[in-house]
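# Architecture and fold: a report
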Amino acid sequence: MTEREHIPLGVGFYPDWFNKHYGISFGKEYYFDPEVRVQARMKMEKRLHERFGDMGLGNPNPKPNPLITFGMVMLPSIFGCEIIYKDDALPWAMPLNLSEDEIMKLELPDIFNTYPMTEMVRQIKYLKEKYGRVVGDINTTGVQNLALKIRGDQFYFDFFENPELCRHLLTICTECIIQLFRFNHETTGTAAMDVTPMCDPKLYVFPNCTAEQISLETYESQILEYDNRVADACHPVGIHHCGSVDEVLEGYAKVRHLEFIEIGFGSDVKRTRDVFGPDVAVNARISPVLMKNGEPEKVAAEVRRLIDNGAPLHNFSIDTVGLTYGTPDENVRTALKTAAEYGKIHRETTVDTPRRLFHIQGKLAAPVESVVSSASKTVFIGPSKPLVMIGERINPTGRKELAASLEAGNLDLVRSEAILQVEAGAHILDVNVGVSGIDEAKMLKEAVLAIQEVTDVPLCIDSALPKALASALGVYKGKALVNSVNGEKHKLEQVLPLVREHNAAVIGLTMDDNGIPKSAEKRLEIARLIVEKAGEIGIPKEDVIIDPLAMAVSADDQSGLETLRALQLIRDELGVNQTLGLSNISFGLPERASINAIFLSMAVLNGLTCPIADPTVWDMAKAVLLSDLLLGRDTYCMHYLAATAKKRTGGAVQKAPVDAAHGAGNLERIKIAVISGDRKSAVEYTQEALDQGIDPQEIINHHLIPGLNTVGEEFEQKKIFVPEMMMAAKTMQACVDLVTPHLKKGEGAGSLGTIVLGTVFGDLHDIGKNLTKLLLETSGFRVIDLGENVPAEKFVGAARESNAHIVGLSSLLTTGDPHVEETIRAIKESDLENSVKVICGGAALTLKFVEACGADAHAKDAADGVKKIKNMLEIF
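The shown structure was predicted, so the numbers you read here are calculated from the model rather than taken from an experiment. (Residues numbered from 1 in each chain as written. Predicted model: local features only at pLDDT ≥ 70, side-chain atom pairs only at ≥ 80, totals over all residues. Heavy atoms only, no water.)

## Observations regarding the overall build of the protein chain
Helix and strand content of the protein chain: 35 helices and 24 strands. Taking 876 residues into account, the globule formula puts the C-alpha radius of gyration at 29 Å, and the protein chain, at 30 Å, falls close to it. Along the longest, intermediate and shortest principal axes, the C-alpha atoms of the protein chain span 85 × 75 × 55 Å. Across the protein chain, contacts joining residues at least 24 apart in sequence account for 72% of those joining residues at least 6 apart. If you sum the accessible surface of the protein chain, you get close to 37,200 Å²; carbon and sulfur atoms cover 52% of it. Averaging the positions of the 91 positive and the 120 negative side-chain charges in the protein chain gives two centres separated by 2 Å. (Helix = DSSP H or I, 4+ residues; strand = E, 2+ residues; numbered from the N terminus. Rg over C-alpha atoms; globule rule 2.2 N^0.38 Å. Contact = heavy atoms within 4.5 Å. Areas by Shrake-Rupley, 256 points an atom, 1.4 Å probe, with all protein chains shown as cover. Lys, Arg positive; Asp, Glu negative; His and termini not counted. Charge placed at Lys NZ, Arg CZ, Asp CG, Glu CD.)

## Topic: the state of the cysteines
Under the definition given, this model contains zero disulfides. The thiol of Cys-81 is unpaired, and the distance to the nearest cysteine sulfur, on Cys-173, comes to 10 Å. Among the residues examined, Cys-81 registers a relative accessible area of 6% and is labelled buried. The structure places no disulfide on Cys-176, whose sulfur is separated from the nearest cysteine sulfur, that of Cys-173, by 6.6 Å. (Disulfide = S-S within 2.5 Å. Buried < 20%, exposed > 50% of the residue type's maximum accessible area, 1.4 Å probe, protein only.)

## Let's talk about the packing of aromatic side chains
As enumerated under the stated definition, the model contains 19 aromatic pairs in all. Each ring, one from Phe-13 and one from Phe-18, has its centre 6.0 Å from the other, and the planes form 85 degrees; the classification is edge-to-face. Exposure class is identical for Phe-13 and Phe-18. Each is buried. A ring pair is formed by Tyr-156 and Phe-159, whose centres lie 6.0 Å apart and whose planes are at 50 degrees; its orientation type is tilted. Taken as a pair, Tyr-156 and Phe-159 lie in helix 8 (residues 154-161) at a separation of three residues, close to a single helical turn. A single burial state applies to Tyr-156 and to Phe-159, both of which are buried. An aromatic cluster is built from Phe-13, Trp-17, Phe-18, Tyr-22, Phe-26, Tyr-30, Tyr-31, Phe-32, Phe-52, Phe-70, Tyr-85 and Tyr-115, whose rings are joined through pairwise contacts. Sitting over the face of the ring of Phe-32, Lys-28 holds its NZ or CZ atom 5.3 Å from the ring centroid. Against the face of Trp-92 rests Lys-149, its NZ or CZ located 3.8 Å from the ring centre. (Phe/Tyr/Trp six-rings, centres within 6.5 Å; stacked < 30°, edge-to-face > 60°. Lys NZ or Arg CZ within 6 Å of the ring centre and 35° of its normal.)

## Digging into the sheet that holds strand 14 (residues 428-431)
One open sheet accounts for seven strands, arranged 18-17-16-15-14-13-19; its pairing is parallel. Single-partner strands in this sheet number two, and they are strand 18 (544-547) and strand 19 (612-613). Where strand 13 (residues 390-394) and strand 14 come together, three bridges link them in parallel fashion. Among the inter-strand pairings, Gly-391 is bridged to a residue of strand 14, identified as Leu-429. In this fold helix 18 (residues 440-454) packs onto strand 13, strand 14 and strand 15 (459-462), with an angle of close to 165 degrees to the strand it touches most, strand 15. (Pairing = 2+ DSSP bridges. Axes fitted to C-alpha atoms, helices over the stretch in contact; angles between N-to-C directions.)

## Examining the packing of helix 21 (residues 520-536) against helix 22 (residues 559-574)
Look at helix 21 against helix 22: their axes get within 9 Å of each other, and the N-to-C directions meet at 40 degrees. One way to sum up the angle between helix 21 and helix 22 is to call them oblique. The interaxial crossing formed by helix 21 with helix 22 has right-handed handedness. Where helix 21 abuts helix 22, its residues Ala-520, Glu-521, Arg-523, Leu-524, Ala-527, Arg-528 and Val-531 lie against Glu-562, Thr-563, Arg-565, Ala-566, Leu-569, Ile-570, Glu-573 and Leu-574. Class assignment for the residues of the contact of helix 21 with helix 22 results in eight nonpolar, one polar and six charged. (Parallel < 35°, antiparallel > 145°, perpendicular 65-115°, else oblique. Left-handed = near helix turned anticlockwise from the far one by under 90°. Nonpolar A, V, L, I, M, F, W, Y, C, P; charged D, E, K, R; others polar.)

## Topic: the pattern of salt bridges
Taken as a whole and assessed by the stated rule, the structure comprises 46 salt bridges. Across the pair Lys-292 and Asp-817 runs a salt bridge, and its minimum N-O distance is 3.3 Å. Linking Lys-292 in helix 13 (residues 288-293) with Asp-817 in helix 33 (residues 817-828), this pair joins segments that are 525 residues apart in sequence. The two residues Lys-292 and Asp-817 agree in class, both being buried. Note that Lys-442 is salt-bridged to Glu-446, the shortest N-O span being 2.8 Å. (Salt bridge = Lys/Arg side-chain N within 4 Å of Asp/Glu carboxyl O.)

## Overview of the side chain of Glu-488
With respect to the helices and strands, Glu-488 occurs in the loop between strand 16 (481-486) and helix 20 (489-501). Although Glu-488 lies buried, it forms no salt bridge, and the closest oppositely charged side chain, Lys-491, sits 5.6 Å away as judged by the N-O distance. Filtering out sequence-adjacent residues up to four positions away, Glu-488 remains in contact with Met-511, Asp-512 and Asp-513.

## Here's the deal with the sheet that holds strand 9 (residues 281-285)
Pairing within the open sheet is parallel, and its six strands lie in the order 1-10-9-8-7-6. Edge strands, defined here as strands with exactly one partner in the open sheet, are strand 1 (9-13) and strand 6 (204-207). Across the sheet, the mean angle separating the axes of adjacent strands is 20 degrees when strand polarity is ignored. Pairing between strand 6 and strand 7 (residues 237-241): four bridges, direction parallel. Within strand 7, the residue paired with Val-205 across the bridge is Gly-238.

## Some remarks on the packing of helix 1 (residues 15-22) against helix 3 (residues 34-52)
To describe two helices that pack against each other, one gives the angle between their axes and the distance between the axes. The interhelical angle for the contact between helix 1 and helix 3, taken along N-to-C directions, is 80 degrees, at an axis separation of 12 Å. One way to sum up the angle between helix 1 and helix 3 is to call them roughly perpendicular. Contact residues: helix 1 offers Trp-17, Phe-18, His-21 and Tyr-22, while helix 3 offers Lys-43, Met-44, Arg-47, Leu-48, Arg-51 and Phe-52. Grouping the amino acids of the contact of helix 1 with helix 3 by side-chain chemistry returns six nonpolar, one polar and three charged.

Right under this line is the structure:
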């Protein structure tokens, strides 16, 4: 294979470019008549060569290419989604919006005996008979993409309110994708061509376009497991991500068998390289908006910027996908020329080492994030996350009452200890029932079952007996943490397979057949061995948490320092998360709680991420809270303030007194509940306020609306994402519904003004528009939602009929530009010119463009849109 001289730059035109320039149609016939498609592809190649042949595009004499393709709509269509076909657009699947009951009754479809897959099978047979071969593949779409098509936007609420439905639907989607991937490879040997031309076509590439709308935590807790199921069944894999990848980057790093990632415009290319390293190929996309509306100099500058950040260049590429009608030929030529001249492979740039708090010589390992879970709660452990406290009290060592109750087979104390520790702030509970003379395997299993009945936090299953671990893991619901394995050969051979079998995480103790090493370097050696042995049987290092072992300073005054050194060495070489049994450090000394708390704070700076401690000891709980506070891991200091307030009130949440003035002080709870999307609590607090006689308008103006404003600010700053925003808006809506009957006439919903919303003609995307509608309604506006694919005259008619104050236009694609311009012109030239203002938003629209069209405002996102609308109507 000839070595490349420069990075490749792919050029991909959207269907409207071919349709409007050359009359090539991409309607339903293109996908259902293989001969129409073969002829269309030959015409496309010839036209590209006529226009850009000097730049290497197209073919003057193309031969028939027996291609199969179906856009990203095959699986949605099989589930029953309506598919919209247009001559100048890609096919689009309309969401089914199935109910909860319909989802729970949903079964795995017989894909290959369901239309339109039966039609595709017929086409494949025809093409093979006529041309002797078939090329291409069928886009599988991604797990979350497919779930959203089936369930609709409600799926984002299900993340928080209906985890059982999520698991059921995602499992079905995952299996469908695996089946279609396998069909692709059996048919043509490829599984990437219908997604991207920028990688090895033999890779299994799935699109994760909608992952941009969720947070890293949501991706890792809700979607990652299913992406990995696909990857384990069909690999090596690639991921196509058409938006900014920055938020979920670390999550994608946990997708197994990953060899390629395609990142959308706005993504941090350098950070992508830092996270994945040099072995994962990266394709960076240039914004089609820049390609259409930018000057050639800006296009060239963007290509150079991407190349500067893309090293190593031997497996880096750039793609100008989605170029719509109106994109200047000069911009296409500029992009290609710049990539060829500036993207020479030999001009590799150096990659800077990530910065750390302390200077350490040598190469630093990238930190990982560990995940453990119960049936309904997921806990994330990592250096950028708040500290995770593992409660240590369910352990009979030195606790006679607990030991006696276990000997008697009584688990009441185990249950009460579990509840006590969770209420005190424990995120995970260690469960140890090691008492001499009992059947530990039986008792550990029963203890796990008992604790799962009274609390939903994940468990750390603690035993030196593999048989007991296996018994407890067999009944545990979720991803457990196993405590523990060590460097002893027989321990590694007995425990690690159990961990792998049950998809658990494991604590690795830095001791071996020779005991606990005194030096930090020896403990690093054992940690390295444990991580390597785990990796050999398929346990990733994010599922290994190392305990470098804290030893009593009363016996050796250097032991604390050595443990801190071990933490630092293990963090910097291995990048794994680390735990410590903190109480060991102070054994035999007075004021143990103070010693443990100070040592915890020192250990955190050296790599400790999940201490094992007693959360009911306030000094220890406070040390955890303060460490997070001072290291910037406690947004708005909310965890610290809540914990200290709880401490002052003796651990109970006080009921609001009847006195209205005092009750108003507790109304801040309503705002906090809205911000956190806690609908149940928000409604409860709102009802309490109404019962106390608080003015309902005060509840809305001073607590509900400020809460939603805070959520909007966090959304703009990308601290939260679409699901969290929707949960907060729904929470506020529930409170507004409760308050509305108590309002005076003229103060209710819709009193702030009337807004007409819609996605412009030619565009069927709706999530951004739907979110804007939700935020406007909960803020007090009346919203007329015209839906998607709305022609200009319909906007004008709806605005006139409803006496609207503002019309909002949404457009995701640059193909919508002429329709945005047409709609604004229609409004401004009508009798509504002086009474209706226009605001535009969506990924395709820039401030410069909408101002040139005559719009009154441009919105960056849904939250910004609500803010701009309030400003235009002078609502402050």
